[in-house]
Structures are given as C-alpha cells and as structure tokens.
Amino acid sequence: HCRLFSEIRLEKGCSIGEHNHVNETEYYWITSGKGIVREVDGDKVVEKGDLVITGGGASHAIRNEEAEPLTFLALIILD
C-alpha cells in the first residue's frame, strides 16, 4: 500500500510543484534545512523535525529558498 518512500533533497530555488493526493496520504518529514510548504490555508515555513501530512484530495507544494539544501523523507500511503 506504499506508492513512494524516498529521501528528497531540494537545492536553493528548487521545488516540487503543487499536486493533489486523491485516495492517498503523503507525509513529508523534514530532516534538515528550511522550506516553505503551500497548502490550502496558505504558506508555512517548515524545518528539521516538522511533519507535513496531506491527503483527502488536498493539494500541496514545497520549495527551498535558503542556501542550505532542504532534505526530507517523502512517504505516500494508498488509502
């Protein structure tokens, strides 16, 4: 029931564009750096130790505007 389990590294200026999660839930566990997550209720700064959970048809995006790389574990579980 796992569609994705990966460590992702975003350099300054890089992003994962907005996308939705229908019939699945995605988890981003931030392991280093700082990033900005866009969700339906606006942008949020995330940093090491934060967990972002997106599912139920909601959409999100994540980007790095800092000099330090943003790294996180991404896990997608099918509902």
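Here, residues in each chain are numbered from 1, in the same order as that chain's written sequence. With pLDDT at 70 or above as the cut-off, local features in this predicted model cover only qualifying residues; side-chain atom pairs require 80 or more to be listed or tallied, and sums for whole chains, interfaces and linings still use all residues. Note: side-chain values were computed over all heavy atoms of the structure, leaving out hydrogens and water.

Chemist: Is there a simple way to explain the overall build of the protein in this structure?
Modeler: For the protein, the count of helices and strands is zero helices and eight strands. Only DSSP runs of H or I covering at least 4 residues are called helices, and only runs of E covering at least 2 are called strands; the numbering of each starts at the N terminus. Mapped from its N terminus to its C terminus, the protein presents α and β elements in the order β-β-β-β-β-β-β-β. The principal-axis extents of the C-alpha atoms in the protein amount to approximately 35 × 25 × 20 Å. Only protein chains enter the accessibility calculation, which uses a 1.4 Å probe; a residue whose area is less than 20% of its type maximum is buried, one above 50% is exposed, and one in between is partly exposed. Of all 79 residues assigned to the protein, the portion counted as buried reaches 33%.

Chemist: Looking at this structure, how should I read a nonpolar patch on the surface?
Modeler: Each patch is built from salt-bridge-free residues with over 30% relative accessible area, joining like charges within 9 Å and nonpolar side chains (Val, Leu, Ile, Met, Phe, Trp, Tyr) within 5 Å. To measure how exposed things are, a 1.4 Å probe is used in the Shrake-Rupley method; for residues, cover is taken only from the protein chains shown. For this document, the term salt bridge refers to a Lys or Arg side-chain nitrogen within 4 Å of an Asp or Glu carboxyl oxygen. A contiguous nonpolar patch, built from Trp29, Leu51 and Ile53 and spanning about 320 Å² of accessible area, is present on the exposed surface. Residue classification places Trp29 among the partly exposed positions, given a relative accessible area of 44%.

Chemist: I tried to follow the packing of aromatic side chains on my own but got confused; where do I start?
Modeler: Paired rings are identified among Phe, Tyr and Trp, the last through its six-membered ring, by centres lying within 6.5 Å, and are further divided according to the angle between planes into stacked (under 30 degrees), edge-to-face (over 60) and tilted (the rest). In the structure shown here, the tally under the stated rule is one aromatic pair. Summarising the aromatic geometry, the rings of Tyr28 and Phe72 are spaced 4.6 Å apart at their centres and angled 55° between planes, so their arrangement reads as tilted. Remark: Phe72 occurs in strand 8 (residues 70-78) and Tyr28 occurs in strand 3 (residues 24-32); sequence separation between them is 44 residues. One exposure class covers both Tyr28 and Phe72, and it is buried.

Chemist: What should I look at first to understand the sheet that holds strand 7 (residues 59-63) in this one?
Modeler: The pairing of strands in a sheet comes from backbone hydrogen bonds and takes either a parallel or an antiparallel form. Strand order in the open sheet formed by four strands is 2-7-4-5, with antiparallel pairing between adjacent strands. Of all the strands in the sheet, the pair left with one neighbour each is strand 2 (15-20) and strand 5 (42-47). Mean inter-strand twist for the sheet, computed between neighbouring axes without regard to direction, equals 20°. Strands are treated as partners if at least two bridges between them are detected by DSSP. Structural elements are reduced to axes, namely lines fitted to C-alpha atoms, with helices fitted over the stretch in contact, and the angle between N-to-C directions of any two is expressed from 0 to 180 degrees.

Chemist: What should I look at first to understand the sheet that holds strand 1 (residues 2-10) in this one?
Modeler: The antiparallel open sheet is built from four strands, whose spatial order is 1-8-3-6. Two strands lie at the open edges of the sheet, namely strand 1 and strand 6 (51-55), each paired on one side alone. Ignoring which end each strand starts from, the neighbouring axes of this sheet average 15° apart. For strand 3 and strand 8, the ladder comprises eight bridges, and the chain directions are antiparallel. Within strand 8, the residue paired with Tyr28 across the bridge is Ala74.

Chemist: Please explain the pattern of salt bridges as it appears in this structure.
Modeler: Note on pairing: side chains with opposite charge can pair once their charged atoms come close. For the structure on display, the rule yields seven salt bridges. The salt bridge partner of Arg63 is Asp43, with a shortest N-O separation of 3.4 Å. Pair noted here: Arg63 is in strand 7 and Asp43 is in strand 5, with a separation of 20 residues, a long-range link. Residue Asp43 is classed as partly exposed on the basis of its relative accessible area of 40%. The residue Glu65 makes a salt bridge to Arg63 at a minimum N-O spacing of 2.8 Å. Look at Glu65 and you get partly exposed, because its relative accessible area is 46%. Under the relative-accessibility criterion, Arg63 is labelled partly exposed at 25%. It is possible to trace a salt-bridge network through shared partners that takes in Arg38, Asp43, Arg63 and Glu65.

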